[in-house]
Amino acid sequence: MRVGVFDSGVGGLTVVKSLLEHKLFEEIIYFGDTARVPYGVKDANTIIRYSLEALEFFKNFDIDLLITACNTVSAYALDELKAHAHCPVIGVVEPGILAVENAISDKNATILVIATQATIKSRAYENPLTAKGYSKISARATGLFVPIVEEGLYSGEILQSTMHHYFKELPHPDAIILGCTHFPLIADAIGKYFKGNSLLIHSGEAIVEYLEHHYNFSKRFEKTELKLFASENPEALRSVAKKWLDL
Ligand code: DGL
């Protein structure tokens, strides 16, 4: 199987990491729209337009599946991508919701969704969770975490005070949806902030669970060929990949 992975920038590499760990694909073609990141502060029309333009890039490849690793794209542009794509397209929001459902049966559990401004505004996580009966959902746009992760500040004072700024008035969450590609890199710090007893839902792990459930992976690939492309400065993307993916 050859899969395309689309993200607004470098963050989708956290999803690639999960795909590599589970050896699901023979080849991964990654495209990060680094020239136009961040998507999480843009409006719906722009996110959809950028996503459809990125799709044109993937049309150069014979891929079996396209994964939109970006939560913001998954929240806004999935239907349009599906309508125009040459292969099946899956986003990360639905797998994230299913991961909550699989892990949490108590509908009174407190669930915290953290994501970009655009994803929170879309209510892409909140609406389906509410429809499934979860009654205690809070949502917080935590966009400052994106540049913090890109600076490599996975711990320390800046991260601590930013977490305090965003989280200080929130009830203790039983589960936290890390609704943004970058957040798995600070998952440990976020977990510790909430005393280490919240379940963390990670898009990469959620999508692997979803793929394993919906597709028949009869084979695992010992070696995956990873091809990295970016709309600007592909070298920078490769150097982040080296760091995050231990290449
Ligand atoms: N990839 C985006 C997401 O998961 C975060 C970065 C951005 O704002 O583009 O929502």
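Remember, it's a predicted structure, so these values are computed and weren't measured experimentally.

Visitor: Is there a simple way to think about the overall build of the chain in this case?
Guide: Helix and strand content of the chain: 12 helices and 9 strands. Computed over C-alpha atoms, the radius of gyration of the chain comes to 17 Å, within 12% of the 18 Å expected from 2.2 N^0.38 for 247 residues, which places it in the range of a compact globule. The C-alpha extent of the chain, read off along each of the three principal axes, is 50 × 40 × 35 Å. When the 247 residues of the chain are sorted by exposure, 53% land in the buried category. The contacts in the chain between residues at least 6 apart in sequence include a share of 76% that link residues at least 24 apart. Per element, the accessible surface of the chain, about 11200 Å² overall, is 49% carbon and sulfur. Of the side-chain charges in the chain, 24 are positive and 30 negative, and the distance between the mean point of each set is 2 Å.

Visitor: What is the right way to look at the site of the ligand in this model?
Guide: Taken together, 13 residues are adjacent to the ligand, and S8, Y39, G40, T72 and T181 come closest. For the ligand, an oxygen atom lies 2.9 Å from a polar atom in the backbone of G40. In this structure, an oxygen atom belonging to the ligand sits 3.1 Å away from a main-chain N or O atom of N71. Its free accessible area being 300 Å², the ligand has 99% of it covered by the protein chains. Tallied by class, residues from the shell around the ligand come to 5 nonpolar, 7 polar and 1 charged.

Visitor: What's the story with the packing of aromatic side chains in this structure? I'm lost.
Guide: The geometry of an aromatic ring pair comes down to the distance between the two centres and the angle between the two planes. On inspection of all chains with the given rule, the structure shows 18 aromatic pairs. Measuring from centroid to centroid gives 5.2 Å for Y193 and F194, while their planes differ by 75°, and the two rings are edge-to-face. Among the residues examined, F194 registers a relative accessible area of 5% and is labelled buried. Among the aromatic residues, those joined into a cluster by ring pairs are F6, F31, Y39, Y50, F57, F58, F61 and F229. Lying across the ring of Y50, R36 places its NZ or CZ 3.8 Å from the centre. Positioned over the ring face of Y134 is K107, at 4.9 Å from the centre of the ring.

Visitor: When you look at the environment of E101 in this model, what are you seeing that I'm missing?
Guide: Mapped onto the elements, E101 comes out in helix α5 (residues 93-103). When the C-alpha positions of E101 and L129 are compared, they lie 8.5 Å apart, and in sequence the two are 28 residues distant. With residues up to four places along the chain from it excluded, the contact list for E101 reads K132 and Y134. One polar contact links E101 to K132, side chain to side chain, over a distance of 3.3 Å.

Visitor: Which parts of the structure should I look at to understand the pattern of salt bridges?
Guide: Oppositely charged side chains can pair when the atoms bearing their charge come close. In the structure shown here, the tally under the stated rule is 12 salt bridges. The salt bridge involving D246 is made with K17; its shortest N-O contact spans 3.9 Å. With D246 in the segment after α12 (234-245) and K17 in helix α1 (residues 13-21), the pair connects residues that are 229 residues apart, well separated along the chain. Classification of K17 as partly exposed rests on a relative accessible area of 29%. A salt bridge links K227 to E225; its shortest N-O distance comes to 3.7 Å.

Visitor: Before we go on, may I ask you to explain the packing of α1 against helix α11 (residues 203-214) in this structure?
Guide: For any two helices packed against each other, the geometry comes down to the angle between their axes and how far apart the axes lie. One way to put it is that α1 packs onto α11 with a least axis distance of 8 Å and a crossing angle of 45°. Regarding the angle of α1 to α11, the classification is oblique. Both α1 and α11 take part in a crossing whose hand is right-handed. Contacts between α1 and α11 involve V15, S18, L19 and E21 from the former and S203, G204, E205, I207, V208 and L211 from the latter.

Visitor: Could you clarify how one ought to interpret the pairing of strand β8 (residues 199-202) in this entry?
Guide: It is a general feature of regular strands that their side chains alternate between the two faces of the sheet. Sheet analysis places strand β7 (residues 175-179) next to β8, joined by 4 bridges and oriented parallel. When the bridges of β8 are listed, I177 appears paired with I201. Read from β7 through helix α10 (residues 187-193) to β8, the crossover connection turns out right-handed.

Calculation criteria
Residues numbered from 1 in each chain as written. Predicted model: local features only at pLDDT ≥ 70, side-chain atom pairs only at ≥ 80, totals over all residues. Heavy atoms only, no water. Helix = DSSP H or I, 4+ residues; strand = E, 2+ residues; numbered from the N terminus. Rg over C-alpha atoms; globule rule 2.2 N^0.38 Å. Buried < 20%, exposed > 50% of the residue type's maximum accessible area, 1.4 Å probe, protein only. Contact = heavy atoms within 4.5 Å. Areas by Shrake-Rupley, 256 points an atom, 1.4 Å probe, with all protein chains shown as cover. Lys, Arg positive; Asp, Glu negative; His and termini not counted. Charge placed at Lys NZ, Arg CZ, Asp CG, Glu CD. Near = heavy atom within 4 Å. Polar contact = N/O pair within 3.5 Å; in protein donor to acceptor, adjacent residues only side chain to side chain. Nonpolar A, V, L, I, M, F, W, Y, C, P; charged D, E, K, R; others polar. Phe/Tyr/Trp six-rings, centres within 6.5 Å; stacked < 30°, edge-to-face > 60°. Lys NZ or Arg CZ within 6 Å of the ring centre and 35° of its normal. Salt bridge = Lys/Arg side-chain N within 4 Å of Asp/Glu carboxyl O. Axes fitted to C-alpha atoms, helices over the stretch in contact; angles between N-to-C directions. Parallel < 35°, antiparallel > 145°, perpendicular 65-115°, else oblique. Left-handed = near helix turned anticlockwise from the far one by under 90°. Pairing = 2+ DSSP bridges. Right-handed = clockwise from strand over helix to strand, strands pointing away.

Purely geometric numbers; function is a separate question.
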